[in-house]
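Next come the chains, spelled out residue by residue.
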Amino acid sequence: MEKVELLAPAGDLEKLKVAIEYGADAVYLGGEQFGMRTAAKNFTIEDIKEGTEFAHERGRKVFVTVNIIPHNEDFVGFEDYLRDLEAAGVDALLAADAGVIDVIKSTVPNMEIHLSTQANTTNYQSANFWYNQGIKRVVMARELSFKEIKEIRDNTPEDMDIEAFMHGAMCISYSGRCLISNYMTGRDANRGSCAQSCRWKYSLVEEKRPGEYFPIYEDGRGTFFFNSKDLCMIEYIPQLIESGITSLKIEGRMKTAYYVATVVRAYRMAIDAYYEDPENWKFDPIWLEELKKGSHRHFTTGFYEDKPGDEEQNYASASYVRNYDFIGIVLEDRDENGLVTVEQRNKMIVGDEIEIMGPYTDTISTTITEMYNEDGEPIESAPHPRQIVKMKFPEEVARNFILRKAIEETK
């Protein structure tokens, strides 16, 4: 049985490497132009080349987004950019616009093309149309159920891949085609500059009652009736795979390396457990608990089971739930003194009770008992951003393991 692909976001080179180390089969990323996340750090061509080499050395793939809905001026320099991406060795380009796809086909004819969710593919007739235009993979619109995706799979060529989102933030829009950001701020979400206007506070005004503001729901923190919960399908791995999806996608190129590692690791465990024994796969609550240790909104299953109702909206707040701080990442394996090198990401103190997570391993609970600076001198705390320290931990802790600490106030 060919395994479903686990596809992770990469907002920069560090996140790409973390995603792959923690179990992603492929990553998707944006360059400095033509992508939907201009606020992310994104990748230079040199970064893309380095990231692609890193991925290919480990048998993984890299997909690059060119999925804006472009205006005429957006095509300036596009052909040169495509040639640079081909030279960097990327595995596929992710596009949404017919003009963009046409330019890709004429400029880099051997490049694999994936159709973005921005193209709003909701039926097999459309999927077959795009396949006949040379599209290798179609990313499903987010508005589809398991049943509808299975129908698309049953009525499309076997060598056409189907990709679908299974985790992450959801827009109040149609498959990511948002108008409100452009209308409210002049920042075009369809050209990569989303202002996240759907997360703001709003009230409703009825035409014949000017000046009277009617909150849909309100508490002391505000009214957020455009604010969707985050998609989370960790409990539905069998249904996702058995609906015929080729690639399961995590949203989040704007997220931290810690978020990427946490989410990829949890889904890697759940997917691998399915393939070990598909008929007896059982959801492990630990996987969901791990997901909740990353920054998130409350969770929803979106459209997969049924059309979302009022309960799928996050009316209480636009902020994230954050129960754990990412405090460090292991840079180097154990030295001759039994110490590992850690780069600090948030303040840590000797005596802190922490958790350590690594790829393909159980979470380790431990206490920081000793810490040394780069000169080997004992220190009591590491308060400085990206401070390099040496620490003693259990034997299994190695490079790329991540240190986190519960936030006491919100435990």
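Here goes a summary of the coordinates provided. (Residues numbered from 1 in each chain as written. Predicted model: local features only at pLDDT ≥ 70, side-chain atom pairs only at ≥ 80, totals over all residues. Heavy atoms only, no water.)

**Considerations on the side chain of Glu 251**
In step 1: On the secondary structure map, Glu 251 appears in the loop between strand 9 (247–250) and helix 9 (257–276).
In step 2: For Glu 251, a relative accessible area of 11% corresponds to the buried category.
In step 3: Looking at Glu 251, its side chain comes within polar contact range of the main-chain nitrogen of Ala 169, at 3.0 Å. (Helix = DSSP H or I, 4+ residues; strand = E, 2+ residues; numbered from the N terminus. Buried < 20%, exposed > 50% of the residue type's maximum accessible area, 1.4 Å probe, protein only. Polar contact = N/O pair within 3.5 Å; in protein donor to acceptor, adjacent residues only side chain to side chain.)

**Quick word on the environment of Met 371**
In step 1: When you line up the elements, Met 371 lands in strand 16 (residues 371–372).
In step 2: Note: C-alpha distance between Met 371 and Met 348 (23 residues apart in sequence) is 9.7 Å.

**Concerning helix 3 (residues 78–88)**
In step 1: For helix 3, the complete set of buried residues consists of Phe 78, Tyr 81, Leu 82, Leu 85 and Ala 88. Along the axis of helix 3, the buried residues cluster in a sector spanning 120°; they form a single face. Exposed side of helix 3, more than 90 degrees from the buried face: Asp 80 and Ala 87 are the residues found there.
In step 2: Positive backbone phi, at 90°, marks Gly 89, one or two positions downstream of helix 3. (Arc of directions from axis to C-beta.)

**A few points about the packing of helix 1 (residues 13–21) against helix 2 (residues 45–57)**
In step 1: Interhelical geometry of helix 1 versus helix 2 gives an angle of 10° and a closest axis separation of 10 Å. One way to sum up the angle between helix 1 and helix 2 is to call them roughly parallel. Between helix 1 and helix 2, the residues in contact are Leu 13, Leu 16, Lys 17, Ile 20 and Glu 21 and Asp 47, Glu 50, Gly 51, Phe 54 and Ala 55, respectively.
In step 2: Here the residues of the contact of helix 1 with helix 2 are counted per class, giving five nonpolar, one polar and four charged. (Axes fitted to C-alpha atoms, helices over the stretch in contact; angles between N-to-C directions. Parallel < 35°, antiparallel > 145°, perpendicular 65-115°, else oblique. Contact = heavy atoms within 4.5 Å. Nonpolar A, V, L, I, M, F, W, Y, C, P; charged D, E, K, R; others polar.)

**A few points about the pattern of salt bridges**
In step 1: Here the structure, examined in full by the defined rule, presents 29 salt bridges.
In step 2: Between Arg 137 and Asp 161 there is a salt bridge, and its shortest N-O distance comes to 3.4 Å. Taken as a pair, Arg 137 in strand 6 (residues 137–139) and Asp 161 in strand 7 (residues 161–168) lie far apart in primary sequence, 24 residues in all.
In step 3: Owing to a relative accessible area of 4%, Arg 137 belongs among the buried residues under this scheme. (Salt bridge = Lys/Arg side-chain N within 4 Å of Asp/Glu carboxyl O.)

**Concerning the environment of Leu 29**
In step 1: Mapped onto the elements, Leu 29 comes out in strand 2 (residues 26–30).
In step 2: Along the primary structure Leu 29 and Asn 42 are separated by 13 residues, whereas in three dimensions their C-alpha atoms are 7.1 Å apart.
In step 3: The contact partners of Leu 29, leaving out residues within four places of it in the chain, are Ala 10, Leu 16, Phe 43, Ile 48, Val 62, Phe 63, Val 64, Thr 65 and Arg 253.

**As for the packing of helix 3 against helix 4 (residues 98–107)**
In step 1: Across the interface, helix 3 lies against helix 4 with an axial gap of 10 Å and an inter-helix angle of 55°. One finds that helix 3 runs oblique with respect to helix 4. By crossing handedness, the relation of helix 3 to helix 4 is classed as right-handed. Here Phe 78, Glu 79, Leu 82 and Arg 83 of helix 3 come into contact with helix 4, specifically with Val 100, Val 103, Ile 104 and Thr 107. (Left-handed = near helix turned anticlockwise from the far one by under 90°.)

**Observations regarding the packing of aromatic side chains**
In step 1: Under the defined criterion, the tally for this structure stands at eight aromatic pairs.
In step 2: Measuring from ring centre to ring centre gives 5.2 Å for Phe 129 and Trp 130, while their planes differ by 75°; the resulting arrangement is edge-to-face.
In step 3: What makes Phe 129 partly exposed here is its relative accessible area of 44%.
In step 4: Summarising the aromatic geometry, the rings of Tyr 258 and Phe 326 are spaced 5.6 Å apart at their centres and angled 20° between planes, so their arrangement reads as stacked. Taken as a pair, Tyr 258 in helix 9 and Phe 326 in strand 11 (residues 324–332) lie far apart in primary sequence, 68 residues in all. Each of the two residues, Tyr 258 as well as Phe 326, counts as buried.
In step 5: An aromatic cluster is present here, built from Phe 146, Tyr 236 and Tyr 304 joined pairwise through their rings.
In step 6: The residue whose ring lies beneath Lys 249 is Tyr 28, and the NZ or CZ to ring-centre distance is 4.4 Å.
In step 7: Lys 255 extends its terminal NZ or CZ atom over the ring of Tyr 259, reaching a point 4.7 Å from the ring centre. (Phe/Tyr/Trp six-rings, centres within 6.5 Å; stacked < 30°, edge-to-face > 60°. Lys NZ or Arg CZ within 6 Å of the ring centre and 35° of its normal.)

**Points about helix 4**
In step 1: Among all positions of helix 4, only Val 100, Ile 101, Val 103, Ile 104 and Thr 107 are buried. Projected onto a plane normal to the axis of helix 4, the buried residues spread over an arc of 160° and lie on a single side. Exposed side of helix 4, more than 90 degrees from the buried face: Asp 102 and Ser 106 are the residues found there.
In step 2: Here the buried face of helix 4 lies against helix 3, strand 4 (92–95), strand 5 (112–115) and helix 5 (124–132).
In step 3: Its side-chain oxygen 2.9 Å from the backbone nitrogen of Gly 99, Asp 97 forms the N-cap of helix 4.

**Here we look at unusual backbone geometry**
In step 1: Positive phi, normally seen in glycine, also occurs at Tyr 360, with a value near 60°.
In step 2: Along the polypeptide, Tyr 360 turns up in the loop between strand 14 (353–357) and strand 15 (364–367).
In step 3: Despite not being glycine, Asn 400 has its phi angle at roughly 80°, a positive value.
In step 4: What makes Asn 400 buried here is its relative accessible area of 13%.

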